[in-house]
Amino acid sequence: MGQNSVRGEGASGGAGTRDGSPEEDSGGRGGSEGAGSRTDGAGSRTDKSGSRTDGSGSRTDGSGSRTEEKPGKGGRGKPPRRRKRRVLRWSATILSVLILGTAGAGYLYYQHLNNNLETDDLNLGDHRAPEPTPNSAGQTPLNILLIGSDARDSKENQKLGGAKDTFGGPPLADVQMLLHLSADRSNMSVISMPRDTLLTIPKCTDPDDGKVYEETGPRSMTNESLGRGGPGCTVATWEKLTNIHIDHFMTVDFSGVVSMADAIGGVPVCVDKNIHSRTSQGKGSGLKLEKGTTNIKGEQALQWLRTRYGFEGGTDIARAKAQHMYMNSLVRTLRENTGLTSPNRLRKLAENATSALKVDPGLGSVMKLYGLGNELKKVSPERTTMTTMPFEYSGSRVVPKPGDAEQLFRLVRDDIALDGKDKRKPPKEKLSDDPAAPDGEIALQVQNGTRTATEPAVSGRASAVAQLLAGKGFVKAAPDTATSLTEGKTVIRYPSVDLEGDAQRVAKSLGLPLSSVKKSTDVSGITLVVGADWRDGAKPEKAEKQDDSTPDSADALNGSDKRACMKVDPNFTW
């Protein structure tokens, strides 16, 4: 399974990317406070009937009128007043029962939505990419991996996905998009990885049965990672390749794409010619559209997201471009469509979203998804950039393009906007107030981070640098030979402020800038990670002025581009 050529459409076509917009999950909240007595700051008290007694002994009923509680001598006006109070009290009681009933139903529905959500472990690998350093305001970026599964584990998914011979087989991660939300929530970047990308899948352990999947060779297809214990192995694969710390994942299958597209009410897409994705041998998604813009939903949306035969050169790359157009249009639709404010539409959206998604425990409730949606809504389409991982062909498959792929990953790691609109200031270097210990007393660990997306780690590099440090007087420097990381630039991490001065002392001795010293909870002591900028020699290469532009090979598409239209292969027009 999974060995379909990037140039031809096989059985395991990509699942949809509807889960790319957590804003859809903003419906479905319910519940209210139960009734009961309440005393406000003025000494007023609201009893269960809805009446309020203030500190003077006066009573204010639910309608806002006030009657004095002074004893009277009776009279003709008294009985009607008593009847009026009884009517008001009875009305308030009925209202309280209705409120309590609604609150109970809301709570039960909220729990029902939570129970719809399926969760799985976030990362099944042995190592994690380091967490990003907070910006000056204490904010950190958010990275979410969106996974489209081609699982044919149900009759519905089988009907939508075809390929009967693969029923019940391991699922493939045929859509993989990393969504990066900037620390200041001003911009968002998305990187798609073609499903036929050849790379090393790390060792993963299935959390359900404990089965261990050993690390693969360097020519395994990335979409096979999902079948090695679950989405947590796909997360581990991305972290190994990119060294980007991933906070969450969202997975959706064929039937989930259809139900979500129906709930949204359709998304407009464009083709420059009539298209019918079907070959004489019966291959293709079956998508049939007229030239121009069409509002697609349901199964037609799934066909769009899975189409290769008919788009441009019939490759996974063209399909990724079509998926980007769909996602951009989806986000614009969600932001602009006032019809989604209808309670019934929101309820359907919440129901379908929670039933369609598999998420990590960090997103395992409606409230958490709602909070994520609110974060994502802060970014306008104008500041959203869709890209494809720069690649080059290796036979009929693809591999990360040397230089360009790492450049794109670095921009995301460093939280640099892919639209080029960031106004970045060079970080100010500040000496620590904590004095450094003598060199011979500073204990530190040295790790090998010389591996890149296209080059293996330099063998023995951690030991070589540890020996170099010992020669400089850091006799407690020890290599960590069991760890191999991906680090573009050499970095020194420390866990607490009392070690900052020691870490800066190590940096100074190696001629590294203080900006390379970073506080991190991912290490237990001072840790020097030898990066790809120090693959050999006695000191890291002198840093040149970095190019922070997005590589042309990433094929960037701005989220506000409403003119984007897929080019149709003339062989698939009608």
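Located above this text is the structure these notes cover.
These lines cover the structure that appears in this document, whether it is placed above or below. (Residues numbered from 1 in each chain as written. Predicted model: local features only at pLDDT ≥ 70, side-chain atom pairs only at ≥ 80, totals over all residues. Heavy atoms only, no water.)

**Considering the packing of aromatic side chains**
- Scanning the entire structure with this criterion turns up three aromatic pairs.
- Here the aromatic rings of Tyr-309 and Phe-572 are separated by 6.1 Å at their centres, their planes lie at 25°, and the arrangement is stacked. Of the two residues, Tyr-309 sits in the loop between helix H5 (298–306) and helix H6 (316–336) while Phe-572 sits in the segment after strand E28 (557–558), which places them 263 residues apart along the sequence.
- Judged by relative accessible area, which is 16%, Tyr-309 ranks as buried.
- Exposure remark for Phe-572: the relative accessible area of 13% places this residue in the buried category.
- Ring geometry for Phe-391 against Tyr-393: centres 5.7 Å apart, planes inclined by 90°, an arrangement best described as edge-to-face.
- The ring centre of Trp-574 lies 4.8 Å from the NZ or CZ of Lys-288, which sits over that ring. (Phe/Tyr/Trp six-rings, centres within 6.5 Å; stacked < 30°, edge-to-face > 60°. Helix = DSSP H or I, 4+ residues; strand = E, 2+ residues; numbered from the N terminus. Buried < 20%, exposed > 50% of the residue type's maximum accessible area, 1.4 Å probe, protein only. Lys NZ or Arg CZ within 6 Å of the ring centre and 35° of its normal.)

**Focus: the state of the cysteines**
- This structure, assessed with the given rule, holds two disulfides.
- Put simply, Cys-204 and Cys-233 are joined by a disulfide, and their sulfur atoms are 2.2 Å apart. Disulfide Cys-204-Cys-233: the torsion about the S-S bond is 85°, which places it as right-handed. Placement of the pair is Cys-204 in strand E11 (residues 204–205) and Cys-233 in helix H3 (residues 231–242), with a sequence separation of 29 residues.
- Take Cys-204: its relative accessible area is 0%, and that puts it in the buried class.
- Disulfide pairing is shown between Cys-270 and Cys-565; the S-S distance is 1.9 Å. Taking the sign of the S-S torsion, about -70° here, the bridge from Cys-270 to Cys-565 comes out left-handed. Note that Cys-270 is positioned in strand E15 (residues 267–271) and Cys-565 in the segment after E28, a separation of 295 residues in sequence.
- Bonded cysteines in the protein are paired 1-2, 3-4 when counted in the order they occur along the chain. (Disulfide = S-S within 2.5 Å.)

**Side note on the sheet that holds strand E24 (residues 477–484)**
- The five strands lie next to each other as E24-E23-E27-E25-E26, forming an open sheet whose pairing is mixed. Of all the strands in the sheet, just E24 and strand E26 (517–519) have a single pairing partner and so form its edges. Averaged over all adjacent pairs, the angle separating strand axes in this sheet is 30°, with direction ignored.
- In this structure, strand E25 (residues 491–494) lies alongside strand E27 (residues 526–530), joined through three bridges in antiparallel fashion. From the neighbouring strand, Ile-492 faces E27, where its bridge partner is Leu-528.
- Strands strand E23 (444–448), E25, E26 and E27 of the sheet are contacted by helix H11 (residues 500–510), whose axis makes an angle of about 165° with E25. (Pairing = 2+ DSSP bridges. Axes fitted to C-alpha atoms, helices over the stretch in contact; angles between N-to-C directions. Contact = heavy atoms within 4.5 Å.)

**A closer look at the side chain of Ser-432**
- Turning to its location among the elements, Ser-432 is positioned in the loop between helix H9 (404–413) and E23.
- A residue is classified by how much of its surface remains accessible, and Ser-432, at 16% relative accessible area, is buried.
- Within the structure, the side chain of Ser-432 is placed 3.0 Å from the backbone nitrogen of Asp-434, a separation counted as a polar contact.
- Within the local environment of Ser-432, its side chain forms a polar contact with the side chain of Glu-500, the two groups lying 3.2 Å apart.
- Residues in contact with Ser-432, not counting those within four places in the same chain, are Glu-500, Gly-501 and Gln-504. (Polar contact = N/O pair within 3.5 Å; in protein donor to acceptor, adjacent residues only side chain to side chain.)

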